[in-house]
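Chain and residue survey
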Amino acid sequence: MTSSTAKGSGRRFSVGPSLPLLPFLAFVTVFLFVPTVTVIIGAFQTAEGGFSAGSLSYLGSAAAVAALKGSLIVSAASAIIGAVVGGLVAYIISTAPPRSLLRRVVVSVSGVLAQFGGVTLAFAFLASYGFSGMVTLALANRGVDLYGDGWLFRLPGITLVYTYFQIPLMVIVFLPALEGLRPQWREAAVNLGATTRQYWLEVGLPLLRPAFLGSTLLLFANSFAAYATVAALVGQGAPVTPLLIRQLFSSEVLLGGAVNAKVLALEMVVVVAVVMALYAWLLRRTSRWLR
Amino acid sequence: MTRSPLNRAVRGIFLLLVALFFAIPLYSMLDFSTRDIANPGHRTGYAWSLLVKDKDLFASILTSVSLSVLTVLLMFVLLVPTMIWVQLRVPKAKRLIEFICLLPLAIPALVIVVGIRNVMLWVNYFVGHTPFALSLPYVVLLLPYAYRSLDSALSAMNANTLAEAARSLGASWLTVFTRIIAPNIRAGMVSAAFIGIALVLGEYTFSSLLHYDTLPTQIVVMSKAEARTSVAASFAMIVVVSALLLGLSFFTRDRSTTEGT
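Residues numbered from 1 in each chain as written. Chains lettered and ligands numbered in written order. Predicted model: local features only at pLDDT ≥ 70, side-chain atom pairs only at ≥ 80, totals over all residues.

Time to look at the overall build of chain A. Across its full length, chain A holds 11 helices and zero strands. Relative to a compact globule of 291 residues, whose C-alpha radius of gyration would be 19 Å, chain A shows 24 Å and is clearly more extended. Projected onto its principal axes, the C-alpha positions of chain A cover 80 × 75 × 35 Å. Counting across all 291 residues of chain A, residues that qualify as buried make up 42%. (Helix = DSSP H or I, 4+ residues; strand = E, 2+ residues; numbered from the N terminus. Rg over C-alpha atoms; globule rule 2.2 N^0.38 Å. Buried ≥ 20, exposed ≤ 12 C-beta atoms within 10 Å, placed from the backbone.)

This is the structure we're talking about:
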């Protein structure tokens, strides 16, 4: 039992106390690091087992470019809509008293809805705006064709469905920044003769800008990485990158399908990593004032 | 602060429209799943009764519920002792463990699926091709959420002081873990369990692409023949998951008020 004296001695390096961490480290190695490394290495592997960057040329193929474009459009559109609507909701409830019912309900419900997604969300929208959805039928009775040519299963529809979890996520991540906006700053501005408009343009918005942009980036990464919702919504075709990966991953017949799936997965990792790095950078800028 | 009536009205209308956007899909699910196709305009509970009567669907419900419980138990076995140990004995490793636990937020689940085929072949070799094999990769998906819940509970208590007191009174490490630390982080463990069950119940990326039969995959399979039942099952899942997540928000709020932060 002398090993317990190792703690706090600082100078002496001892491996002993770290040993109990091994099961955890082994587990994440097998189920997190190995799969990720498999994707990265696999993206550079040729059919014969050698290595080459040639497989990356798949990124330039028409299908991959179209899917990436679709993904970027859906992610950007749903992030911007989510950020604007969610930001406004967050602003409105931030002006309510902290213990008010409205505020507590919106925060709790947002916490739940931000986790929505996947099969259940896809079916919720099919039941409302699908071919025999409630809203579609209700409008059809009034002579309005809401279903149209199946927009729900293409980029506009995917974007609409994604806003369902993007708006609440924005409320959750942006509310702390709004709460950091001290009423004293506004009082100070008003005392110095500023109008409401001047206060927002010269004090409020510049302070909130890094937090708003950061939250928008987080929303972008959130929908760029999403798979389950769009997979359950869109049965076939590949309007966005995750669905093209599904196509390649599931078709054993297609030559090079496995390698190309890994190439696209690597593309996803890179995009998400870049966006998250920007997010982290903006978050640090935010913390200077609003934390 | 006083606000003009116009200002208040605009705010109210805006919130109402947003609330409608969120309420319509939920209400539509109730409407859709209770439609009586034979007698238009009438309601029937037929689609809902299939949740229990349809053998495949009911079996998949049981599978997903057991799978979520198994995953949460595995997550506890793996993460709780590790985090307590880091807190008490190797605080230097805290940043590393935190980084690893939050990593799954930055790596899309789809990417892990694309790379995990060989690992899962190996897992299947040991346990057979059963949905319960999914509990292993699912633990990775839960890490960020579980870590946050457990970490806030651990930081809220005086773990090191209590452990030292117990040790100096002659308690073994096992006693410290099970009788000193664990009871004090129970709230964190409950919220980690809630969000874990909620996430596993709805998980579709792994189960569909790796061909395991769980509730979400069964809902999609059924939608071709009996869309109303798929919608009914989805709605039931939303109710259960919302209850879990709302319960979670109550737990976290209670703690934050007692912390007085």
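Before going further, it helps to examine the interface of chain B and chain A. Of the residues lining the interface, 55 residues belong to chain B; the matching set on chain A comes to 55 residues. Among the elements that take part in the side of chain B that touches chain A, helix H1 (residues 5–33) of chain B stands out by supplying 12 residues, more than any other. For the side of chain B that touches chain A, the per-class residue count stands at 41 nonpolar, 11 polar and three charged. (Contact = placed C-beta atoms within 7 Å. Nonpolar A, V, L, I, M, F, W, Y, C, P; charged D, E, K, R; others polar.)

One non-glycine residue, B:His211, adopts positive backbone phi at about 60°. For B:His211, the position within the fold is in the loop between helix H11 (205–209) and helix H12 (215–222).

Residues and elements named next belong to chain B. Predicted confidence across chain B gives a mean pLDDT of 90, with 95% of residues reaching 70 or more. Within the model, pLDDT remains below 50 along residues 255–261, and this stretch shows four contacts once partners closer than five positions in the same chain are excluded. As a predicted assembly, this complex carries a pTM of 0.89 together with an ipTM value of 0.88. (pLDDT = per-residue confidence, 0-100.)

A few words on the nonpolar core. A general tendency of soluble globular proteins is for nonpolar side chains to be buried together. Residues A:Phe174, A:Ala265 and B:Leu150 are the most contacted members of the largest nonpolar core, which totals 159 residues. Sequence-distant contacts of A:Phe174, defined by excluding residues within four places in its chain, comprise A:Gly86, A:Gly87, A:Ala90, A:Ala211, A:Phe212 and A:Ser215. (Core = buried A, V, L, I, M, F, W, Y, C linked by C-beta atoms within 7 Å.)

What follows covers the confidence of the model for chain A. Residue and element names in this part refer to chain A. Within chain A, residue pLDDT values average 87, and 90% of them lie at 70 or more. The weakest mean pLDDT in chain A belongs to helix H11 (residues 257–290) at 86; the strongest belongs to helix H2 (residues 62–94) at 96. Here residues 1–11 scores under 50 on pLDDT; set against residues more than four positions off or in separate chains, the count is six contacts.

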